[in-house]
Amino acid sequence: NKMELPSFIGKGEDIKHYTNYSVSFNPKFRIPNWVAWEIVPEELEGPAVRLNEFKKAPLVDKCPSHEDYTNSGYQRGHMCPASDNKWDYKAMEESFYMTNVCPQTGELNDKKWKTLEERCQAWARLYGKVYIVCGPIIKDYSKSRVDIGPNKDIYVPNEFFKAILREKVVNNQIHYEAIGYILSQKGTWRMCTVKEIEFFVLDMDGTVY
């Protein structure tokens, strides 16, 4: 039912649906606007081992390569983590497409981002299924922008968002509960509402990302 998918922008995005996630790729900034997927507990285990082989996604214009991040000072930060894709070899391979990657500091990627990934997996095991959408908070401040890559055209976000939704059955009726997080490249995080995330992911020209 694609509960995890946000509204499509309609411009400034290239929508791709892969085995285990969907992505809105932004060719202007060469990073995803968002990545969305669901975690089902039985899919957290399986035969597919982590590949560590990042590569360009096929048929995606402006998709970065593995080499574009080399010696940049930033890690290749998964949006949909490899550990959510152990159930299927193709899903694991596609999780290493560069459309699923944003530049992240080690202080974020190795700590709070990883902690939140593990928390989402724990919630899936507890509640049965969770829906997730995450991505960068894109603000095109020309004087303060940091870009990487040989042509300095891959945007480095200062912050990221993650929204998590779960189903809850009360008196035989399905209800939904959601929580949001804002995380910074400095490795800090805070909880927030999904409405707050929707406010923060407004670009300076009013385009919703």
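Cut-offs applied
Here the residue index of a chain counts from 1 through its sequence in written order. Restriction of local features to residues with pLDDT of at least 70 applies here, the model being predicted, together with a cutoff of 80 or more for giving and counting side-chain atom pairs; totals for whole chains, interfaces and linings are based on all residues. Side-chain metrics in this entry use all non-hydrogen atoms of the structure; hydrogen atoms and water are not considered. A run of H or I in DSSP becomes a helix once it reaches four residues, and a run of E becomes a strand once it reaches two; helices and strands are each numbered from the N terminus. Only C-alpha atoms enter the radius of gyration; for comparison, a globular chain is expected to reach 2.2 Å times N to the power 0.38, where N is the number of residues. Think of it in three bands: with a 1.4 Å probe and only protein chains considered, a residue is buried below 20% of the maximum accessible area for its type, exposed above 50%, and partly exposed in between. Pairs of residues are marked as contacts when any of their non-hydrogen atoms sit within 4.5 Å. The method behind every accessible area is Shrake-Rupley, applied with a 1.4 Å probe, and residues are considered shielded solely by the protein chains displayed. Positive: Lys, Arg. Negative: Asp, Glu. His and the chain ends are not part of the count. Here the site of a charge means NZ on Lys, CZ on Arg, CG on Asp, or CD on Glu. Here, the term nonpolar core denotes a set of buried Ala, Val, Leu, Ile, Met, Phe, Trp, Tyr and Cys residues that are joined through side-chain atoms within 4.5 Å. Two strands make a pair as long as DSSP finds a minimum of two bridges between them. The working definition used for a salt bridge is a side-chain nitrogen of Lys or Arg within 4 Å of a carboxyl oxygen of Asp or Glu.

With respect to the overall build of the chain
From N to C terminus, the chain includes three helices and 11 strands. Put simply, the chain runs from its N terminus to its C terminus through helices and strands in the order β-β-β-β-α-β-α-β-β-β-β-β-β-α. Compactness check: the chain gives a C-alpha radius of gyration of 16 Å against a globular reference of 17 Å for 209 residues, within 12% of the reference. Principal-axis analysis of the C-alpha atoms places the extent of the chain at approximately 55 × 40 × 30 Å. Burial status across the chain gives 47% buried among its 209 residues. Long-range contacts, defined as pairs at least 24 residues apart, comprise 68% of the intrachain contacts of the chain with a sequence gap of at least 6. When the accessible surface of the chain is summed, it comes to about 10,500 Å², and 50% of that surface belongs to carbon and sulfur atoms. Each charge class in the chain was averaged separately, 28 positive and 29 negative side chains, and the resulting centres sit 4 Å apart.

Here's the deal with the nonpolar core
Ranked by size, the top nonpolar core spans 42 residues in total, and within it Tyr 21, Ile 31, Trp 37 and Ile 39 carry the most contacts. The set of elements that each furnish at least two residues to this core consists of strand 2 (22–26), strand 3 (31–39), strand 5 (101–104), helix 2 (106–127), strand 6 (130–137), strand 8 (154–155), strand 9 (159–170) and strand 10 (173–184). Beyond its immediate stretch of four places on either side in the chain, Trp 37 contacts Glu 4, Asn 20, Tyr 21, Met 79, Cys 80, Pro 81, Asp 84, Val 130, Tyr 131, Ile 132 and Cys 134. In this structure, Phe 161, Ile 182, Cys 192 and Ile 197 belong to the second largest nonpolar core, which totals nine residues.

With respect to the pairing of strand 11 (residues 189–192)
Both strand 10 and strand 11 contribute to a ladder of four bridges, which runs antiparallel. Paired with Tyr 181 across the bridge in strand 11 is Met 191.

A look at the pattern of salt bridges
Taken as a whole and judged by the stated rule, the model has 11 salt bridges. Across the salt bridge formed by Glu 45 and Arg 125, the nearest N and O atoms sit 3.3 Å from each other. Here Glu 45 is found in the loop between strand 3 and strand 4 (75–78), whereas its partner Arg 125 is found in helix 2, with 80 residues between them in sequence. Here Lys 168 makes a salt bridge to Glu 177, at a shortest N to O gap of 3.2 Å. Look at the salt bridges and you will find they share partners, linking Arg 30, Asp 68 and Asp 153 into a network.

The values are spatial; any link to function lies outside them.
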